[in-house]
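What follows is the residue order along each chain.
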Amino acid sequence: MLNIRPSQACDLPAIAAIYRHHVLYGTGTFETDPPSAQEMAARREDVLSKELPYLIAEDDAGRLLGFAYANWFKPRPAYRFSAEDSVYVLDSARGQGVGRRLLQALVTDCEAAGVRKLLAVIGDSANTGSIGLHRSTGFVPAGTLRSMGWKFGRWLDIVLMEKTLGTGDRSPPVEK
Ligand SMILES: CC(C)(COP(=O)(O)OP(=O)(O)OC[C@H]1O[C@@H](n2cnc3c(N)ncnc32)[C@H](O)[C@@H]1OP(=O)(O)O)[C@@H](O)C(=O)NCCC(=O)NCCS
């Protein structure tokens, strides 16, 4: 059984370990040096301070299998109803539905938080896992930015996908 719940500070070591793997070996993130424990904690605090979701998935044994969070697309305040999602799954647990469960829960929580647009900024147009995950969760393509990153000795695209939440732009957002 898979359990999705809000993250706690004590989850941070397992979260950091999952992210570290994807920084070192994957192209889904354009970071090249794994962030410190303090930096991972600060990023989580930033998400929570904006009343946005930061979730984890765990199995019956309490093993953390993945995490997902949303943050403003950009820090400037007019972006506060447009959030970018991030989803990372333990390498050995990929392809088993963990990412989909996390992203579905994140969509639900973002909508409840008043977010009107979710954006996926996907590293690498060859990232079939992330593109497939977002497509299966109702995101639609919003364009590809060619050769935006350089990692592992090759140019990497950014694939943009978007999903409208709630009433989208058909009504003004609700201020907190
Ligand atoms: C992207 C990622 C989060 C997906 O999580 P996951 O648990 O492996 O994905 P799921 O098993 O839940 O699959 C979700 C959907 O994506 C599809 N999918 C998953 N991996 C795929 C692949 N390699 N190729 C094509 N489709 C894929 C599945 O078929 C499924 O679609 P369905 O609902 O129509 O059956 C995970 O692979 C990962 O951590 N990747 C590296 C980090 C990364 O790129 N994160 C995204 C940053 S934007």
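Here, the structure is the one placed above.
A.B. asks: Any details on the side chain of Asn 127? Residues and values, ideally.
C.D. replies: Position of Asn 127 among the secondary structure elements: in the loop between strand E5 (117-123) and helix H4 (128-136). Of the residues examined, Asn 127 reaches a relative accessible area of 15% and is grouped as buried. With residues near it in sequence (within four places) discarded, Asn 127 still touches Gly 28 and Ile 122.

A.B. asks: An account of the packing of helix H1 (residues 12-25) against helix H2 (residues 37-49) is needed here, citing residue identities and associated values.
C.D. replies: With their axes 10 Å apart at the nearest point, H1 and H2 run at an angle of 105° to one another. In terms of orientation, H1 lies roughly perpendicular with respect to H2. Contact residues: Leu 12, Ile 15, Ala 16 and Tyr 19 in H1; Met 40, Ala 41, Arg 43 and Arg 44 in H2. The residue inventory of the contact of H1 with H2, partitioned by class, reads 6 nonpolar, no polar and 2 charged.

A.B. asks: Tell me about the site of the ligand, and please be specific about residues and values.
C.D. replies: Neighbouring residues of the ligand: 19 residues in total, closest Val 87, Gly 95, Gly 97, Gly 99 and Arg 100. Gly 95 places a main-chain nitrogen or oxygen 2.8 Å from an oxygen atom of the ligand. With respect to the ligand, the side chain of Arg 100 contributes an N or O atom lying 2.3 Å from an oxygen atom. Starting from 930 Å² of accessible surface for the ligand in isolation, the protein chains cover 73%. Sorting the residues of the shell around the ligand by element identifies strand E4 (82-89), helix H3 (98-112) and H4 as the ones contributing at least two each. In terms of residue count, the dominant contributor to the shell around the ligand is H4 (6 residues). Counted by class, the shell around the ligand contains 5 nonpolar, 12 polar and 2 charged residues.

A.B. asks: Quick one: what's the story with the sheet that holds E5, residue by residue and with numbers?
C.D. replies: With mixed pairing, the 7 strands of this open sheet are ordered in space as E1-E2-E3-E4-E5-E7-E6. Strand pairing shows two members of the sheet lacking a second neighbour, strand E1 (3-6) and strand E6 (140-151), which therefore form its edges. Between one strand axis and the next, the sheet turns through 25° on average, direction left out of account. Note: strand E3 (residues 64-72) against E4, 7 bridges, orientation antiparallel. Bridge assignment links Ala 68 to a residue of E4, and that residue is Val 87.

A.B. asks: Could you give me a rundown of the packing of aromatic side chains, with the residues and numbers involved?
C.D. replies: In total, this model carries 7 aromatic pairs according to the counting rule given. On the numbers, 5.4 Å between centres and 75° between planes, the contact of Phe 73 with Tyr 79 is edge-to-face. For Phe 73, a relative accessible area of 30% translates into the label partly exposed. You can call Tyr 79 partly exposed: its relative accessible area is 30%. Ring centres 5.2 Å apart and planes at 65° place the aromatic pair Trp 150 and Trp 155 in the edge-to-face group. The exposed category is assigned to Trp 150, whose relative accessible area is 53%. Every member of this aromatic cluster is reached through a ring pair, and the members are Tyr 19, Tyr 54, Phe 67, Tyr 69 and Tyr 88. Between Lys 50 and the ring centre of Trp 72, over which it is positioned, the NZ or CZ distance is 4.7 Å. When the ring centre of Phe 73 is taken as origin, the NZ or CZ atom of Lys 74, which lies over that ring, is 5.8 Å away.

Cut-offs applied
- Residues numbered from 1 in each chain as written.
- Predicted model: local features only at pLDDT ≥ 70, side-chain atom pairs only at ≥ 80, totals over all residues.
- Heavy atoms only, no water.
- Helix = DSSP H or I, 4+ residues; strand = E, 2+ residues; numbered from the N terminus.
- Buried < 20%, exposed > 50% of the residue type's maximum accessible area, 1.4 Å probe, protein only.
- Contact = heavy atoms within 4.5 Å.
- Axes fitted to C-alpha atoms, helices over the stretch in contact; angles between N-to-C directions.
- Parallel < 35°, antiparallel > 145°, perpendicular 65-115°, else oblique.
- Nonpolar A, V, L, I, M, F, W, Y, C, P; charged D, E, K, R; others polar.
- Near = heavy atom within 4 Å.
- Polar contact = N/O pair within 3.5 Å; in protein donor to acceptor, adjacent residues only side chain to side chain.
- Areas by Shrake-Rupley, 256 points an atom, 1.4 Å probe, with all protein chains shown as cover.
- Pairing = 2+ DSSP bridges.
- Phe/Tyr/Trp six-rings, centres within 6.5 Å; stacked < 30°, edge-to-face > 60°.
- Lys NZ or Arg CZ within 6 Å of the ring centre and 35° of its normal.

So, to be careful, I would describe these as geometric facts and stop short of saying anything about function.
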